[in-house]
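Per-entry structural report
Residue-level listing of the chains:
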Amino acid sequence: MNWDEDAAEEPRLVAADQDGEDSAVEAALRPKDLDEFVGQEKVRQQLDLVLKAARQRGATADHVLLSGAPGLGKTTLSMIIAAEMGAPIRITSGPAIQHAGDLAAILSSLQEGEVLFLDEIHRMSRPAEEMLYMAMEDFRVDVIVGKGPGATAIPLELPPFTLVGATTRAGLLPPPLRDRFGFTGHMEFYSPAELERVVHRSARLLDVEIEADGAAEIAGRSRGTPRIANRLLRRVRDYAQVRADGVITREVAGTALAVYEVDARGLDRLDRAVLEALLKLFGGGPVGLSTLAVAVGEERETVEEVAEPFLVREGLLARTPRGRVATPAAWAHLGLVPPRGVNGPSGQQGLFGA
């Protein structure tokens with residue numbers, strides 16, 4: 001059986017990555033200024049000072065680095081920075097820049113004051129990265145013409161611009177690049193109260209009638225991520241439109257999300273499959289990652305990078321030197337009783353198995 005073709009899954013409803021539908025809808029739902037932006041209070045206030053000071057000086061804003069998990073608003077903030085500075089924005093990504101010439105072509109076409117948004121900046125090629133050092137600091141790049149001993153470096157002056165870099169893995173950025181950003185902001189996961197505000201705002205823009213307890217139900221299952229909250233809202237809206245009276249209440253939201261297999265803590269089918277395998281097949285662990293992946297019929301990387309981060313953050317699973325271990329909260333969440341002798345997330349049993 002060809003698992004790659006026959007067992008291909010549809011995109012996860014609770015995935016924080018963006019899909020085609022998200023791109024189209026989020027363009028309408030994105031806030032246009034800092035006052036309208038919900039959450040991230042510290043980053044928002046600090047960034048407000050940076051932008052206001054730059055406008056008062058009549059200068060371009062310092063380069064900005066935004067880090068954090070997908071779906072927390074890094075792209076939205078980059079667009080707000082351009083709007084607040086009254087400047088156009090150019091959007092590209094690290095994987096798209098594989099050669100220094102690619103970056104030189106983008107930089108040489110920038111207008112004065114323009115904002116360059118570079119998503120997943122940690123995935124840029126090393127030659128392009130080294131070219132970016134000089135561009136950020138001196139607004140100049142050296143274009144190499146020719147090869148070998150006859151190669152010549154032609155200096156190219158650049159207009160002042162603002163680079164906004166976004167990364168989900170700030171630790172992969174080399175220190176020389178990280179130090180050239182004038183402002184660094186880390187995006188935190190949202191609280192349920194903040195996500196309720198996001199849901200209410202999005203429902204108003206989508207012309208959806210929603211009650212307070214309905215918004216709270218969606219927010220509580222959104223894994224701390226506005227992008228997921230907006231996606232769940234759209235799916236609950238569909239359910240309310242087809243099978244209810246169009247109004248999103250707590251009951252409607254709960255029933256709709258049960259249809260889409262998103263439980264009360266935001267776990268979906270894959271998350272629960274990992275937990276059920278760990279608890280029912282391996283007694284709570286410890287168990288190796290590869291063994292756990294085989295048990296749920298997924299690739300090792302899928303379990304490690306897609307399911308585990310949220311399970312660990314929720315305190316349902318622990319990574320130990322001996323393998324993956326379920327916590328007492330995991331047993332409680334699935335309504336199971338841990339075997340006698342299992343003493344918490346360490347997976348250690350008492351002396352002589354007692």
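No experiment lies behind these values; they were computed from the predicted model shown.

Interhelical geometry of helix α13 (residues 289-296) versus helix α14 (residues 300-313) gives an angle of 90 degrees and a closest axis separation of 8 Å. Judged on the interaxial angle alone, α14 and α13 are roughly perpendicular. Residues Leu-289, Ser-290, Leu-292, Ala-293 and Val-296 of α13 form the contact with α14, whose own contacting residues are Arg-300, Val-303, Glu-304 and Glu-308. Looking at the contact of α13 with α14 residue by residue, the class counts come to 5 nonpolar, 1 polar and 3 charged.

Summed over the entire model, instances satisfying the criterion amount to 1 aromatic pair. Ring geometry for Phe-139 and Phe-161: centres 5.5 Å apart, planes at 80 degrees, overall edge-to-face. Here Phe-139 is found in the loop between α6 (126-138) and β4 (140-145), whereas its partner Phe-161 is found in the loop between β5 (152-157) and β6 (162-167), with 22 residues between them in sequence. Assessed through its relative accessible area of 21%, Phe-139 is described here as partly exposed. Positioned over the ring face of Phe-189 is Arg-313, at 3.6 Å from the centre of the ring.

Regions with low pLDDT should not have their predicted coordinates read in detail. Per-residue confidence for the chain gives a mean pLDDT of 84; residues scoring 70 or more make up 87%. Taken as a whole, residues 1-9 scores under 50 in pLDDT and shows 5 contacts with residues more than four places along the chain or in a different chain. Here residues 345-354 is modelled with pLDDT under 50, and outside its nearest four sequence neighbours on either side it reaches 19 contacts, counting other chains as well.

Bridge analysis of strand β10 (residues 317-320) against strand β11 (residues 323-326) gives 4 bridges, and the strand direction is antiparallel. Opposite Arg-319, over in β11, you have Arg-324 as the bridge partner. Once β10 ends, the chain turns through 2 residues before running back antiparallel as β11.

Take the nonpolar core next. Of all hydrophobic cores here, the largest spans 47 residues; its most connected members are Leu-77, Ile-210, Ile-218 and Ile-248. When neighbours within four sequence positions are excluded, Ile-218 is seen to be in contact with Val-199, Ile-210, Ala-229, Leu-232, Leu-233, Val-236, Ile-248 and Ala-253. Counting 24 residues, the second largest nonpolar core, distinct from the first, contains Leu-65, Ile-106, Ala-135 and Val-141.

Moving on to the sheet that holds strand β1 (residues 64-67). Taking strand neighbours across the sheet as the criterion, the 5 strands line up as β2-β3-β6-β1-β7 in an open arrangement whose pairing is parallel. With partners counted over all chains shown, the strands left at the sheet margins are β2 (89-93) and β7 (183-186), one partner each. On average, adjacent strands in this sheet sit at an angle of 15 degrees to one another, irrespective of strand direction. The pairing of β1 with β7 spans 4 bridges and is parallel. Note on β7: the bridge partner recorded for Leu-65 is Thr-184. In this fold helix α4 (residues 74-85) packs onto β1, β2, β3 (115-119) and β6, with an angle of close to 175 degrees to the strand it touches most, β3.

On to the environment of Ala-330, then. Looking at the element boundaries, Ala-330 is found in helix α15 (residues 328-333). Residues Ala-330 and Arg-272 lie 58 residues apart in sequence; the distance between their C-alpha atoms is 9.7 Å. Residues contacting Ala-330, with those up to four places away along its chain left out, are Leu-275, Leu-279 and Leu-316.

Mapping Arg-204 onto the fold places it in helix α8 (residues 192-205). Overall, the relative accessible area of 60% leaves Arg-204 in the exposed class. Arg-204 sits 175 residues away from Leu-29 along the chain, and the two C-alpha atoms are 9.8 Å apart.

Calculation criteria
- Residues numbered from 1 in each chain as written.
- Predicted model: local features only at pLDDT ≥ 70, side-chain atom pairs only at ≥ 80, totals over all residues.
- Heavy atoms only, no water.
- Axes fitted to C-alpha atoms, helices over the stretch in contact; angles between N-to-C directions.
- Helix = DSSP H or I, 4+ residues; strand = E, 2+ residues; numbered from the N terminus.
- Parallel < 35°, antiparallel > 145°, perpendicular 65-115°, else oblique.
- Contact = heavy atoms within 4.5 Å.
- Nonpolar A, V, L, I, M, F, W, Y, C, P; charged D, E, K, R; others polar.
- Phe/Tyr/Trp six-rings, centres within 6.5 Å; stacked < 30°, edge-to-face > 60°.
- Buried < 20%, exposed > 50% of the residue type's maximum accessible area, 1.4 Å probe, protein only.
- Lys NZ or Arg CZ within 6 Å of the ring centre and 35° of its normal.
- pLDDT = per-residue confidence, 0-100.
- Pairing = 2+ DSSP bridges.
- Core = buried A, V, L, I, M, F, W, Y, C linked by side-chain atoms within 4.5 Å.

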